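Per-entry structural report
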Amino acid sequence: TLSSSSAASDVYKRQLLDMTKFNNGVVYVKKISPETVLDDYSWLIDKAKLNDNFEKDITTFLKVNISWDRYYPGCSSAPWQIEGIADKLLKLGYKNLIAAHNGTVVVDPERGRIENKHKKVEDKYNIPHVLVDSPETEAVAYKSKSRLLVLDKIFPDGIMIPKTFYGSNVIHLPTMKTHVFTTMTGALKNAFGGLLNQNRHWTHSDIHETLVDLLKIQHDIHENIFAISDGAFSGDGPGPRAMRINEKNIIVGGYDQVAVDSVVSKLMGFDPLKIKKLKIAEELSLGVANPKNIKIVGEDITKINWNYSSNENTLASKGQKFIYWGPLKPLEKILLRSKISPWAFFASDLYHNKYWLRFIGKRRIRKAMKTRWGQLFQKY
């Protein structure tokens, strides 16, 4: 029974609205091509009625993904991904757009903006950018509105998140790729770099629970959330960097981050309910993971199965798994959370940038640049 007071009624209505926006189990799917990609993004935004649900008078962050500060197709947000969303939103009258970037202990975000041609698009549309994990960006201690799974234990002195995100809209720009720690990475993982302001690598041993906690935090601090996952180029194998590059020509979007990742997982050939982060999120009513309960608007994808691999590793990821979940677990704090931890960052740079990219990755990039998507990338 609803309270007779208008205040209680407003709170109840807001709770229902939040559930509809964030956990509605509706996903929008569109096939895309290099020739029509801006129109394809426009179609998805129109179908999702984003203009009716997002407030125009507040900041809308385009949360860009940079998984590598070198360009590797399918690894980080594509320039047409930023342009497709920005072009449409500016035409709809959204003037307060900001591109949100973050670095990691192994990724230079400014170099990543240039290598991945994000800066080209941001400059073209006069979209300012912010490095949300830089010392210049104020971070505040997050006070949880509900019980968290792991973050309050990993960071007992407080979970520091960027103050600028409070009360904003956010649109996540993930790509469709596999991940050595989480099977696949997408909408949920895209918040990882943006929300945790420091020492986020401390959470890798509890990464699935961490991503669920971050989804809870997003529901608390953002006015609206949306994601469009781009599969122009998609990555299979030991992602998010050392992947095989595939052209899949599809985008998947929605307000329900769990449902978006579930649909992408299903396209890849994975059972979403066997991916821990999605299973936990559905159990906590943070989204819909069961494909049977997800409504698809757009393309018929029922018969698509990319048969991606979920159990491949690189030399680097094998070493990390030994530390996070293997025989070196007792040494995790010494190896990764002490003064000697830079050894791991140096090892990652040596393996990915000096060895893998040079002797394996560049050959794959050259092949990808001969495709229509590769030619489009080079035009930016």
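This is a predicted model, so every value here is computed, not measured. (Residues numbered from 1 in each chain as written. Predicted model: local features only at pLDDT ≥ 70, side-chain atom pairs only at ≥ 80, totals over all residues. Heavy atoms only, no water.)

1. Some thoughts on the environment of A289
Selection rule: Secondary structure counts use DSSP, requiring at least four H or I residues in a row for a helix and at least two E residues in a row for a strand, with both numbered from the N terminus. Classification of residues uses two cut-offs on accessible area relative to the type maximum, computed with a 1.4 Å probe and protein chains only: under 20% is buried, over 50% is exposed, and between them is partly exposed. In what follows, residue pairs with any heavy atoms lying within 4.5 Å of each other are defined as contacts.
When you line up the elements, A289 lands in the loop between α11 (276-283) and β13 (295-298). Overall, the relative accessible area of 0% leaves A289 in the buried class. For the pair A289 and A259, spaced 30 residues apart in sequence, the C-alpha separation works out to 5.4 Å. For A289, the residues in contact, after removing those within four places along its chain, are V258, S262, P272, L273, L278, E282 and I294.

2. What about a nonpolar patch on the surface?
Applied cut-off: Excluding any residue in a salt bridge, patches collect residues exceeding 30% relative accessible area, merging like charges within 9 Å and nonpolar Val, Leu, Ile, Met, Phe, Trp and Tyr side chains within 5 Å. To be clear on the numbers: accessible area is Shrake-Rupley with a 1.4 Å probe, and residue cover counts the displayed protein chains and nothing else. Should a side-chain nitrogen of Lys or Arg be within 4 Å of a carboxyl oxygen of Asp or Glu, the pair is scored as a salt bridge.
A cluster of nonpolar side chains, F322, L328, L331, I334, I340 and W343, forms an exposed patch at the surface whose accessible area comes to about 550 Å². Looking at the secondary structure, you find L328 in the loop between α12 (315-325) and α13 (332-336). Overall, the relative accessible area of 34% leaves L328 in the partly exposed class.

3. A word on the pattern of salt bridges
One pass over the structure, following the stated rule, counts 20 salt bridges. With its nearest N and O atoms 2.7 Å apart, the salt bridge here joins D123 to K119. Here the residue D123 and the residue K119 both occupy positions in helix α6 (residues 118-124), the gap between them amounting to four residues, near one helical turn. A relative accessible area of 33% places K119 in the partly exposed class.

4. A short note on the pairing of strand β12 (residues 250-254)
This is how it is decided: Here, any two strands with at least 2 DSSP bridges between them count as paired.
Summarising burial for β12: five of the five residues are buried, a large majority. Burial along β12 is two-sided: I250, V252 and G254 facing one way and I251 and G253 facing the other are all buried. Across four bridges, strand β1 (residues 26-31) lies against β12 in antiparallel orientation. Across the sheet, the residue bridging to Y28 is G253, located in β12. Where strand β10 (residues 224-236) meets β12, four bridges bridge the pair, whose relative direction is antiparallel. Paired with D230 across the two strands is I251, which belongs to β12.

5. Quick word on a positive patch on the surface
The line we're drawing: Asp and Glu count as negative and Lys and Arg as positive, but His and the ends of the chain are not part of the count. Here the site of a charge means atom NZ of a Lys, CZ of an Arg, CG of an Asp or CD of a Glu.
Taken together, the side chains of R358, K362, R363, R366 and K370 present a region of like positive charge at the surface. Its location among the elements puts R363 in helix α14 (residues 342-368).

6. Focus: helix α2 (residues 37-47)
Among the residues making up α2, those that are buried are V37, D40, Y41, S42, L44 and I45. Contacts from the buried residues of α2 go to β1, α3 (50-53), α4 (79-91), β10, β12 and α15 (372-379).

7. Some details on the side chain of H352
Along the chain, the position of H352 falls in helix α14. Residue classification places H352 among the buried positions, given a relative accessible area of 8%. Excluding residues within four positions of it along the chain, H352 makes contact with W68, R241, A316 and L357.

8. Digging into the nonpolar core
Rules: To qualify as a nonpolar core, a set must consist of buried Ala, Val, Leu, Ile, Met, Phe, Trp, Tyr and Cys residues joined through side-chain atoms within 4.5 Å.
Within the largest apolar cluster, 51 residues are counted, with the highest numbers of intra-cluster contacts made by L50, W80, I85, I171 and F226. Per-element accounting of this core gives the leading share, six residues, to α14. Ignoring sequence-local partners within four residues, the contact set of L50 consists of I45, L89, Y94, I171, F226 and Y255. If you look at the next biggest cluster of nonpolar residues, it comprises 31 residues, including V180, F192, L195 and L211.

9. What about the packing of aromatic side chains?
To be explicit about the condition: The criterion for an aromatic pair is that two Phe, Tyr or Trp rings (for Trp, the six-membered ring) have centres within 6.5 Å, with stacked assigned to planes under 30 degrees apart, edge-to-face to planes over 60 apart and tilted to the rest.
Across all of its chains, the model carries 14 aromatic pairs by this definition. Residues F181 and Y324 carry aromatic rings whose centres are separated by 5.6 Å and whose planes lie at 85° to one another, so their mutual orientation is edge-to-face. Placement of F181 in the loop between β8 (175-179) and β9 (183-185) and of Y324 in helix α12 is noted, with a sequence separation of 143 residues between them. Neither residue differs from the other here; F181 and Y324 are each classed as buried. Measuring from ring centre to ring centre gives 5.6 Å for F181 and W325, while their planes differ by 80°; the resulting arrangement is edge-to-face. Of the two residues, F181 sits in the loop between β8 and β9 while W325 sits in helix α12, which places them 144 residues apart along the sequence. Given the relative accessible area of 9%, F181 is considered buried.

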